[in-house]
Amino acid sequence: MRPADLAQFTSLPPRPAFHVEQALSELSFAAQFIVWAMRIQWTHIGDGRQTSLVIDRACHSADMPEGAALIAELTEALIAATSRPLSIPCPKWRVITGDEARLLGFLAAMQARDGTPLSACDAEWRAPRHASSVWAPAQRLALSMTSAGLYLTTPATDLTPPLDATARFH
């Protein structure tokens, strides 16, 4: 949210809290979708930004046609920016890890546009040599999700997303 827009709101829209060992069933559809997509993409590491056909089809069904490429780009950027192995389990794992919680928090902060995304991300992702490589794909993914009606946070207008804004899978 831009500072000029803050005058219109008595309080900032609530941002969900994501934490280690949080059950996937407690997450919104958008958060579950991102966790699932990152886990599927994780299996394609080393393919040189190879996108998964499964993710591509799911993103197209969610009205986010560029989503698979953005998820692949973000995955590669996170790998390059983190000195330790990221904790990304198999897609059937029922709880989120610390790395997934930080990523969801970072993307939610990007969607909220309240000026605090850096406080929600991992310290290594803020390092000057990696910040732009992680920031750019994360921001594009957050914008793409917002355009598709996939909110990790409450929209800044204080309205709930319209019912038809959720992904439609055929």
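Source: prediction; values computed, not measured. (Residues numbered from 1 in each chain as written. Predicted model: local features only at pLDDT ≥ 70, side-chain atom pairs only at ≥ 80, totals over all residues. Heavy atoms only, no water.)

Chemist: Describe in detail the confidence of the model for the chain, supporting the description with residues and values.
Modeler: Per-chain confidence: the chain averages 77 in pLDDT, with 65% of residues scoring 70 or above. Within the chain, the element-level pLDDT minimum falls on helix 5 (residues 117-120), averaging 56, and the maximum on helix 1 (residues 29-42), averaging 92. In the predicted structure, residues 5-12 sits below a pLDDT of 50 and forms nine contacts with residues beyond four places in sequence or in another chain. Note on residues 155-170: pLDDT under 50 across the span, and 21 contacts to partners over four residues away in sequence or across chains. (pLDDT = per-residue confidence, 0-100. Helix = DSSP H or I, 4+ residues; strand = E, 2+ residues; numbered from the N terminus. Contact = heavy atoms within 4.5 Å.)

Chemist: Give a description of the packing of helix 1 against helix 2 (residues 53-61) that names residues and reports values.
Modeler: Viewed as axis vectors pointing N to C, helix 1 and helix 2 meet at an angle of 155°, and their least axial separation amounts to 9 Å. The orientation of helix 1 relative to helix 2 falls into the category roughly antiparallel. Like other packed secondary-structure pairs, helix 1 and helix 2 cross with a definite hand, here left-handed. Residue-level inspection shows Phe-33, Trp-36, Ala-37, Ile-40 and Gln-41 of helix 1 in contact with helix 2, the latter providing Val-54, Ile-55, Ala-58 and Cys-59. (Axes fitted to C-alpha atoms, helices over the stretch in contact; angles between N-to-C directions. Parallel < 35°, antiparallel > 145°, perpendicular 65-115°, else oblique. Left-handed = near helix turned anticlockwise from the far one by under 90°.)

Chemist: Describe the packing of helix 1 against helix 4 (residues 98-112), and please don't skip the residues or the numbers.
Modeler: Two elements in contact, helix 1 and helix 4, have axes separated by 11 Å at closest approach and are oriented at 125°. One way to sum up the angle between helix 1 and helix 4 is to call them oblique. The chirality of how helix 1 crosses helix 4 is right-handed. Residues Ala-31, Ile-34, Val-35, Met-38 and Arg-39 of helix 1 form the contact with helix 4, whose own contacting residues are Glu-100, Leu-103, Leu-104 and Leu-107. Counted by class, the contact of helix 1 with helix 4 contains seven nonpolar, no polar and two charged residues. (Nonpolar A, V, L, I, M, F, W, Y, C, P; charged D, E, K, R; others polar.)

Chemist: Now, about the pattern of salt bridges: what can you tell me, with residues and values included?
Modeler: If you walk through the whole model with that rule in mind, you get four salt bridges. For Arg-102, the salt bridge identified is with Asp-99, shortest N-O distance 2.6 Å. Here Arg-102 and its partner Asp-99 are both found in helix 4, three residues apart, which amounts to about one turn of the helix. Overall, the relative accessible area of 30% leaves Arg-102 in the partly exposed class. On the basis of relative accessibility, which here comes to 5%, the residue Asp-99 falls in the buried class. Here the salt bridges do not stand alone but share partners, grouping Arg-84, Asp-99 and Arg-102 into one network. (Salt bridge = Lys/Arg side-chain N within 4 Å of Asp/Glu carboxyl O. Buried < 20%, exposed > 50% of the residue type's maximum accessible area, 1.4 Å probe, protein only.)

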